[in-house]
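What follows is the residue order along each chain.
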Amino acid sequence: MDFRFTEDQQDLIDAAKTFFDGEYTVERLRAMAAGEEVENLWPQMGQLGLLGIMAPESVGGLEQPLVVMAAVAEAAGYAGLPEPYIEIAGISVPHATAEQLSGFIQHAMRSELRPYIDAALAKSGDAVKSIDPLRNLIKAQGGNDEDIDNINLHGAVLSAAQLIGLSQCMVDMSVDYAKDRHQFGKPIGSFQAIKHHLATVYTQIEFTRPIIHLAAIKGGAAVHNAKVAAIDTAILAAETAIQVHGGMGYTYEVDLHLFMKRAWALCGEWGDRNYHMKKLEDYILNGDAELGPGVTF
Amino acid sequence: MDIEFTSAQKAFREEVREWLSAHVPKTRLPSFDTQEGFDFHREWERTLAKDKWGNVNWPEEYGGRGLDLISWLIFEEEYYRADAPLRVSQNGIFLLAPTIMEYGTEQQKSRFLPPMAAGDEIWAQAWSEPGAGSDMAAIRTKAVRDGDHYVVTGQKTWSSRAVFADWCFALVRTEEGSQRHNGLSKLLIPLDSKGLTRRPIAQLDGDPGFAELFFDEVRVPAENLLGPEHGGWGVAMATAGFERGLLLRSPARFQAAAARLVSLYKQHKDRLSSGVGEQVIQAWMNTERFCAATYQLVARVEAGASITSESSANKLFWSEMDRHLHRTAMTIMGAQAELEEGLDAIDNGRWLDGYMFSLAGPIYAGTNEIQRNILAERVLGLPRK
């Protein structure tokens with residue numbers, strides 16, 4: 001029992017975070033939201049090994065468990081990563097056949113992945129428009145319910161992880177704003193009304209991350225717990241952040257909206273709150289599973 | 001990440017479970033905030049100590065088993081799973097003992113830890129004063145050095161267990177004319193000292209769960225100074241870290257309550273409105289989140305990290321979780337919620353007791369407003385002024 005990342009895993013997570021924070025700046029996000037051409041960063045992601053985190057070593061991947069992917073997804077969430085990276089590396093790759101995978105990895109290694117994805121998306125369905133200006137959605141046919149439940153486990157964990165990354169980013173943006181914005185001759189961040197709101201969000205984030213990690217390793221009810229906790233945390237973070245930003249938070253000019261809208265979108269993805277709550281109703285209220293101390297791990 | 005218990009840890013769990021099932025009293029003990037209940041709980045501490053179950057993570061020389069914190073968590077899980085009595089010695093074993101281990105002299109360790117482990121000396125905390133609650137640096141109780149003694153004069157309050165306990169650990173002003181956090185020291189004081197008067201304070205349930213302590217020139221041997229003279233603030237903060245952070249409230253206690261809450265819900269399900277079920281689920285979810293977070297914290301501590309400001313987030317989470325959980329139970333019980341005892345009192349008023357106690361959680365160990373200030377300023381970096 002040692003509920004920590006190994007040093008190697010932590011190095012990989014830190015490298016991903018450094019890359020996302022360094023490359024996916026808000027300037028880049030704004031440019032992408034405005035439809036401007038930006039440099040294709042997928043070759044770099046491929047070189048860093050980020051695309052093959054969960055792929056088997058036999059096809060050139062890093063063969064890391066879902067929990068490592070979850071930590072990378074949190075970093076992606078923090079940066080507001082506007083690419084379908086998590087969906088590819090964390091959901092498609094682990095569910096792909098060996099044949100599909102070797103094709104994928106070759107594409108990734110040849111840095112051709114982005115056009116490959118775009119081409120795949122173009123022929124798979126009709127475009128629909130999200131409030132999140134950085135999400136390119138298409139309407140596609142789903143598989144059967146069992147497939148969806150299985151894929152949802154990965155998707156729920158990784159979307160939960162992105163949600164707490166987004167939440168932390170919104171807290172940090174709010175802290176910066178509250179230190180800078182003066183009223184009554186003081187930074188508004190010196191007022192307890194502001195401090196207490198943000199401390200509450202911080203606490204919720206800190207007590208959501210570990211259950212996401214547990215969910216990634218153990219699956220089961222922890223997944224539903226993790227996703228619901230992450231949804232509630234993200235909504236609290238977004239509502240608190242806009243309140244701290246005041247009128248500025250209600251504009252398209254302040255970057256907060258980019259992160260807030262992503263949070264809204266991911267709350268409904270990979271099993272919304274109702275889906276996961278109903279699963280918990282079955283498990284906790286209608287089932288006869290042993291509950292209480294000693295059964296968490 | 002490894003979330004499997006080792007075979008040694010699994011065997012340890014079995015051993016704990018077996019011992020508890022043979023020794024835990026079959027009926028719940030009366031509250032330790034009554035003389036009768038206190039005596040029963042002291043006896044229980046002695047029973048635990050006899051087979052070295054009281055403090056499994058302490059060094060063997062002081063009455064422990066020298067095990068790591070994971071083992072302690074396993075012990076706690078089995079302890080609350082068996083519905084064993086609450087620990088009347090908690091202020092000593094969870095708050096003072098780690099402080100003595102960190103700051104005490106060898107002599108203090110061997111003088112104070114074994115009788116604490118044995119249940120022979122039960123400790124109370126004496127920090128707050130009428131004018132020093134959330135603003136603890138406003139402490140005025142003074143201790144003047146006189147030869148090989150300190151002479152303590154002043155007043156302490158909200159001293160839990162002090163009505164029936166044997167000793168208290170006090171934070172007093174040793175440096176004359178000092179201000180705020182400076183000039184304070186931590187003194188270990190027998191509660192039967194000459195010149196020390198205890199006035200019981202009845203808490204919400206009517207029992208004297210805490211006391212006011214009046215010190216009128218109480219002479220305390222200088223060897224009872226814990227940590228550096230005039231450096232008591234730092235020593236006290238270490239204790240507060242234990243209190244808020246890890247030891248005082250392990251997840252098992254809340255997880256056991258959540259499991260009982262689910263049973264309560266199932267018994268009353270038919271007459272409940274539709275939102276109650278979600279509150280029950282939420283209460284269970286919170287306890288699992290707290291458990292996962294605690295195992296992660298323990299993994300970090302075992303790897304050498306120290307607990308700092310994150311103990312404030314911990315305290316916020318468990319205290320608000322506990323209040324929500326018990327509030328949900330009160331909602332479920334409806335008209336029966338107010339019943340303390342008698343035929344229709346569910347579980348002999350246990351939920352009501354729990355709800356009342358949960359209301360203290362956001363206040364003791366530093367109010368939740370203070371914890372939010374600490375997080376905002378020290379972790380998030382918001383300006384103090």
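Residues numbered from 1 in each chain as written. Chains lettered and ligands numbered in written order. Predicted model: local features only at pLDDT ≥ 70, side-chain atom pairs only at ≥ 80, totals over all residues. Heavy atoms only, no water.

J.: Break down the nonpolar core for me, citing the residues and quoting the values.
T.: Counting residues in each nonpolar core, the largest one holds 152 residues, and the members touching the most others are A:Phe20, A:Met69, A:Tyr85, A:Met170 and B:Tyr295. If one sorts the elements of this core by residue count, helix α8 (residues 145–180) of chain A sits on top with 15 residues. Contacts of B:Tyr295, omitting those with residues within four sequence positions, involve A:Met1, A:Phe3, A:Phe297, B:Phe5, B:Ile70, B:Leu73, B:Ile74 and B:Glu77. Ranked by size, the runner-up nonpolar core spans 32 residues in total, among them A:Ile284, B:Ala259, B:Val280 and B:Leu352. (Core = buried A, V, L, I, M, F, W, Y, C linked by side-chain atoms within 4.5 Å. Buried < 20%, exposed > 50% of the residue type's maximum accessible area, 1.4 Å probe, protein only. Helix = DSSP H or I, 4+ residues; strand = E, 2+ residues; numbered from the N terminus. Contact = heavy atoms within 4.5 Å.)

J.: An account of the pairing of strand β4 (residues 167–173) of chain B is needed here, citing residue identities and associated values.
T.: All names here are of chain B. Among the seven residues in β4, seven count as buried, and that is most of the element. Side chains Trp167, Phe169, Leu171 and Arg173 of β4 all project onto a buried face; the interleaved residues Cys168, Ala170 and Val172 project onto the opposite face, where all are buried too. Summarising the sheet, β4 and strand β5 (residues 184–190) pair through seven bridges and their orientation is antiparallel. Directly across from Leu171, in β5, lies its bridge partner Lys186. (Pairing = 2+ DSSP bridges.)

J.: Please provide a residue-by-residue account of helix α9 (residues 192–206) of chain A, values included.
T.: With 15 residues, α9(A) extends 21 Å from end C-alpha to end C-alpha; this agrees with the ideal 21 Å at 1.5 Å per step. What α9(A) keeps buried is the set A:Ile194, A:Lys195, A:His196, A:Leu198, A:Ala199, A:Val201, A:Tyr202, A:Thr203 and A:Ile205. (Expected span 1.5 Å × (residues − 1).)

J.: Tell me about the domain arrangement of chain A, residues and numbers included.
T.: Residues and elements named next belong to chain A. When its domains are assigned, chain A resolves into domain 1 (7–139) and domain 2 (145–285). Every contact between the two is made by 28 residues of domain 1 and, on the other side, 31 residues of domain 2. Carbon and sulfur atoms make up 68% of the area that domain 1 and domain 2 hide from each other, which totals about 2500 Å². On the domain 1 side of the contact with domain 2, Leu66, Glu74 and Tyr78 bury the most area, a combined 25% of that side's loss. In this structure, the connection of domain 1 to domain 2 is made through eight residue pairs in polar contact (both at pLDDT 80 or more). Contributing elements (two or more residues each) for the side of domain 1 that touches domain 2: α2 (26–33), α4 (66–78) and α5 (85–95). (Domains from an automatic or database assignment. Buried area = accessible area lost by both parts, 1.4 Å probe. Polar contact = N/O pair within 3.5 Å; in protein donor to acceptor, adjacent residues only side chain to side chain.)

J.: Which residues make up the interface of chain A and chain B, and what values go with them?
T.: Taken together, the contact between chain A and chain B spans 54 residues of the former and 54 residues of the latter. When chain A packs against chain B, close to 4800 Å² is buried across both sides, 68% of that on carbon and sulfur atoms. There are three salt bridges connecting chain A and chain B. The closest approach of N and O atoms between B:Glu278 and A:Arg273, which form a salt bridge, is 2.7 Å. Between chain A and chain B we count 19 residue pairs in polar contact (both at pLDDT 80 or more) in total. For the side of chain A that touches chain B, the elements supplying multiple residues, two or more each, are α8, α9, α10 (209–218), α11 (221–245) and α13 (273–285) of chain A. Looking at the side of chain A that touches chain B, the element that brings in the most residues is α9(A), giving nine residues. (Salt bridge = Lys/Arg side-chain N within 4 Å of Asp/Glu carboxyl O.)

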